[in-house]
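# Notes for the structure review
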Amino acid sequence: HRSYTISRKKIKEELLEKIVPEYTTWIENFLGEQIIDEENTNLLEALKSGVILCKIANKVQPESAPKYKNSSNSFAASENIQLFLKACKKIGIKD
């Protein structure tokens, strides 16, 4: 089992190394702004606050997530992610 777990973990890491830069580039091109910086050093960090998610929703349908908080504290992040999920429903994305 151990060799299976290690190889599965390695495959997952290799996939992430390949697709994360592609997703990062796609999001940056879609939004027209850089999302990786000194504060957000990778895609997961950039998405954690929910700000990027709300910006994506607003780009797809303007004002679908209008009152997001540009903050990285956990309470604001939770509110932002809830706004994004509500925006997804408004846009027509199903659960």
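Only a predicted model underlies this, so the values are computations on that prediction, with no experimental measurement involved.

In this model helix α4 (residues 74-91) runs 25 Å from its N-terminal to its C-terminal C-alpha over 18 residues, within 8% of the 26 Å that 1.5 Å per residue would give. For α4, the capping residue at the N-terminal end is N73, with a side-chain oxygen 3.0 Å from the backbone nitrogen of F75. Positioned one or two residues after α4, G92 has a phi angle of 110 degrees, which is positive.

Let's shift gears to unusual backbone geometry. Working note: non-glycine residues mostly have negative phi, and peptide bonds are mostly trans. Positive phi is not limited to glycine here, since E63 has a value of about 65 degrees. Inspection of the secondary structure assignment puts E63 in the loop between α3 (51-60) and α4. The class for E63 is exposed, based on a relative accessible area of 59%.

Tallied over the entire structure, the rule returns 3 salt bridges. Close ionic contact of E33 with K55 constitutes a salt bridge, the shortest N to O distance being 2.9 Å. One end of the pair, E33, is in the loop between α1 (2-31) and α2 (43-48); the other, K55, is in helix α3, and 22 residues separate them in sequence. Relative accessible area serves as the criterion here: at 21%, K55 is assigned to the partly exposed category. The salt bridge partner of K48 is E45, with a shortest N-O separation of 3.3 Å. You can see K48 and its partner E45 sitting in helix α2, 3 residues apart, about one turn around the helix. Judged by its relative accessible area of 52%, K48 is exposed.

Reading the values: the criteria
- Residues numbered from 1 in each chain as written.
- Predicted model: local features only at pLDDT ≥ 70, side-chain atom pairs only at ≥ 80, totals over all residues.
- Heavy atoms only, no water.
- Helix = DSSP H or I, 4+ residues; strand = E, 2+ residues; numbered from the N terminus.
- Expected span 1.5 Å × (residues − 1).
- Polar contact = N/O pair within 3.5 Å; in protein donor to acceptor, adjacent residues only side chain to side chain.
- Buried < 20%, exposed > 50% of the residue type's maximum accessible area, 1.4 Å probe, protein only.
- Salt bridge = Lys/Arg side-chain N within 4 Å of Asp/Glu carboxyl O.

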